[in-house]
Amino acid sequence: MSSLLGSPQPTDSPAGWQSGAILQVSDLSVDYIMERGIVRAVEDVSFDVSPGEFVGIVGESGCGKSTLLFAIAQLLAPPATVSGGSVIFKGKNLVGLTDKKLAAIRWQDMSVVMQSAMNALNPVTSIGAQFKDAMRAHGVTSKEQIAERSAEVLKMVGIDPLHLKSYPHQLSGGMRQRSMIAMAMLFTPELVIMDEPTSALDVVAQRSLMIQIKELQQELGFAVIFVTHDMSLVRHFTDRLLVMYAGQVAELGATRQVFETPLHPYTAGLMDAFPSIRGPKVPLTGIPGSPPNLANPPAGCRFAPRCPKVMDICRTTAIPLYSVDGVQVRCLLYGNEEARG
Ligand SMILES: Nc1ncnc2c1ncn2[C@@H]1O[C@H](COP(=O)(O)OP(=O)(O)O)[C@@H](O)[C@H]1O
Ligand code: SF4
Ligand SMILES: [Mg+2]
């Protein structure tokens, strides 16, 4: 039986959607306020993350994944602004907190690893000096403590602590990403947010970095939100999967279940495009076209122009999320008895 979800319902929800969540994102919307008009890049997104849970977010480029992460970590800068909803982290709404309060939470309780360590790391400072700065900023001043912890986190990601003396350009791409992950571990956070941390690497380095992230997560018990446009990566490493399309949740459920029975035609299309973690990536041959311009999204289902199962009614009605066996899906195939025939 499918039921209409007016708002997130704790009792009728996929695994991990319990009240013990460390992160609760509710009805979160983010706008880019441009001269030409408002672009809503994230619309009414709701999901929870349980302690120690590994949540994957997938979707093509331009679907709002990075904007969502930046909103969760409260790292948005103009012209982007949270236009609605809340981000409750360990019981506290981060939306509207002062920079000072946010700075205390970031790194210590929640850390962020971005796509390119080359941009995130300071090119003219050694890795060790950057770790030291991060620790000092959070009140750790003992030289011994700083040296010990810096060496410890580098070892955790398989890098010889000798490299504390290295500058970012002296490391390989994989080692730079590992250093960023090490830096994110300095305070043993409870939540690590990662935006395509492996996408700049070749397939072999991607795989080995993923395994390392997973091992660390299992050992230290932190939760992860992992963004990628690569379905093959999330398949083996995540517990729960959020599929984003054009700024909205298209499908949300336990990863295994979503892979076994993808409900949304977009999810099915993404899976066809990435057949194997080792195989070459192929373009979305099953889904011609590209995501809509969010400055002017389609009136009905945003996927309608590309959907192989489109019905007339899809083009006129805004589509809500339906709940099917614990999975949420934004598609009329699962909600409208008449349309299904
Ligand atoms: N700096 C920006 N200024 C204006 N619009 C932006 C900006 N960055 C992103 N957007 C809008 O937000 C949408 C989502 O972007 P993004 O969050 O980067 O997607 P993804 O990470 O899934 O590739 C884009 O399609 C674009 O419409
Ligand atoms: S609502 Fe209609 S157009 Fe949209 S994904 Fe479902 S079947 Fe396709
Ligand atoms: Mg992105």
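No experiment lies behind these values; they were computed from the predicted model shown.

### Considering the packing of helix α4 (residues 127-137) against helix α5 (residues 143-156)
1) Next: For the pair α4 and α5, interaxial distance at closest approach is 10 Å and the crossing angle is 120°. With respect to their mutual orientation, α4 and α5 come out oblique. Here α4 and α5 pass one another in a crossing that is right-handed. Taken together, the residues of α5 that come into contact with α4 (itself represented by Gly128, Phe131, Lys132 and Met135) are Ile146, Arg149 and Ser150.

### Brief notes about the nonpolar core
1) Next: Counting residues in hydrophobic clusters, the biggest one holds 90 residues, and the most contacted among them are Ala71, Leu191, Ile193, Val224, Ile225, Leu242 and Val243.
2) Next: Counting contributing residues per domain, this core is built from domain 1 (2-7 + 14-109 + 187-340) and domain 2 (116-186), each supplying no fewer than three.
3) Next: Discounting chain neighbours no more than four positions away, the residues touching leucine 191 are Ile22, Leu23, Val49, Asp109, Met110, Phe222 and Ala223.

### Focus: α5
1) Next: For α5, with 14 residues, the first-to-last C-alpha span of 20 Å sits near the 20 Å given by 1.5 Å per residue.
2) Next: Taken together, the buried positions of α5 are Ser150, Val153 and Leu154. Projected down its long axis, α5 carries its buried residues within an arc of 100°, all on one side. Across from the buried face of α5, at angles greater than 90 degrees, the exposed residues are Glu144, Gln145, Glu148 and Lys155.
3) Next: Looking at the packing, one finds that the buried side of α5 touches α4 and α6 (173-184).

Cut-off values and rules
- Residues numbered from 1 in each chain as written.
- Chains lettered and ligands numbered in written order.
- Predicted model: local features only at pLDDT ≥ 70, side-chain atom pairs only at ≥ 80, totals over all residues.
- Axes fitted to C-alpha atoms, helices over the stretch in contact; angles between N-to-C directions.
- Helix = DSSP H or I, 4+ residues; strand = E, 2+ residues; numbered from the N terminus.
- Parallel < 35°, antiparallel > 145°, perpendicular 65-115°, else oblique.
- Left-handed = near helix turned anticlockwise from the far one by under 90°.
- Contact = placed C-beta atoms within 7 Å.
- Core = buried A, V, L, I, M, F, W, Y, C linked by C-beta atoms within 7 Å.
- Buried ≥ 20, exposed ≤ 12 C-beta atoms within 10 Å, placed from the backbone.
- Domains from an automatic or database assignment.
- Expected span 1.5 Å × (residues − 1).
- Arc of directions from axis to C-beta.

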